[in-house]
Amino acid sequence: IAHTFLIVGADRGLAYDALEVEVRGVIDFRGVLEVDRSIVPMPTELSYEARISSSASMDTLEQVRADVERLCPVLQAFLRPLAVAGQVVSVPGS
């Protein structure tokens, strides 16, 4: 998310004196550990806070936020169904 704030800001010609993004979420590990199979092992209550120091107006920063939410690949992966392919590769030990 922070990278997308930087990319969108640069594309809009904005300069940030400082940018810090904090992401929060809840993971109920009872689902991960299969203690309670009714709990889906995924994060919930996701939120983020972008703290930006800039001479840009709040209206401009809010537009950047809207563009970040529309363009950020990580956010889009959470918001849209996404197929994931995985594999295990056995490698020789040392």
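Keep in mind the model is a prediction, meaning the values are calculated, not measured.

Observations concerning the overall build of the protein chain
Here is step 1: Within the protein chain, the regular secondary structure consists of four helices and two strands.
Here is step 2: Start at the N end of the protein chain and walk to the C end: the helices and strands fall as α-β-α-β-α-α.
Here is step 3: For 94 residues, the compact-globule formula gives about 12 Å, and the C-alpha radius of gyration of the protein chain, at 18 Å, lies well above that figure.
Here is step 4: Dimensions of the protein chain along its principal axes, counting C-alpha atoms only, are 50 × 35 × 25 Å.
Here is step 5: Relative to its full complement of 94 residues, the protein chain shows a buried share of 18%.
Here is step 6: Contacts in the protein chain between residues at least 24 apart in sequence constitute 61% of all its contacts with a sequence separation of at least 6.
Here is step 7: Working note: accessible area of the protein chain is about 7400 Å², and carbon and sulfur atoms make up 57% of it.
Here is step 8: Seen as two clouds, the 8 positive and the 13 negative side-chain charges of the protein chain have centres 5 Å apart.

Some points on a nonpolar patch on the surface
Here is step 1: A cluster of nonpolar side chains, contributed by I27, F29, V32, L33 and V35, occupies part of the molecular surface with about 500 Å² of accessible area.
Here is step 2: Structurally, L33 is set in the loop between α2 (29–32) and β2 (44–54).

So, the nonpolar core
Here is step 1: Membership of the largest hydrophobic core is limited to ten residues, which are I1, F5, V8, Y16, A56, L61, V64, V68, C72 and L75.
Here is step 2: Elements represented by at least two residues in this core include exactly α1 (2–11) and α3 (58–71).
Here is step 3: Setting aside residues no more than four positions away along its own chain, V64 makes contact with F5, V8, L14 and Y16.

Brief notes about the packing of aromatic side chains
The description of an aromatic ring pair uses the distance of the two centres, along with the angle that the planes make with each other.
Here is step 1: A complete count under the given rule lists one aromatic pair for this structure.
Here is step 2: With a centroid separation of 6.3 Å and 70° between ring planes, the pair formed by F5 and Y48 is classed as edge-to-face. Residue F5 is found in helix α1, and its partner Y48 is found in strand β2; the two are separated by 43 residues along the sequence.

Definitions and limits used
- Residues numbered from 1 in each chain as written.
- Predicted model: local features only at pLDDT ≥ 70, side-chain atom pairs only at ≥ 80, totals over all residues.
- Heavy atoms only, no water.
- Helix = DSSP H or I, 4+ residues; strand = E, 2+ residues; numbered from the N terminus.
- Rg over C-alpha atoms; globule rule 2.2 N^0.38 Å.
- Buried < 20%, exposed > 50% of the residue type's maximum accessible area, 1.4 Å probe, protein only.
- Contact = heavy atoms within 4.5 Å.
- Areas by Shrake-Rupley, 256 points an atom, 1.4 Å probe, with all protein chains shown as cover.
- Lys, Arg positive; Asp, Glu negative; His and termini not counted.
- Charge placed at Lys NZ, Arg CZ, Asp CG, Glu CD.
- Patch = residues over 30% accessible without salt bridge, like charges linked within 9 Å, V, L, I, M, F, W, Y side chains within 5 Å.
- Salt bridge = Lys/Arg side-chain N within 4 Å of Asp/Glu carboxyl O.
- Core = buried A, V, L, I, M, F, W, Y, C linked by side-chain atoms within 4.5 Å.
- Phe/Tyr/Trp six-rings, centres within 6.5 Å; stacked < 30°, edge-to-face > 60°.

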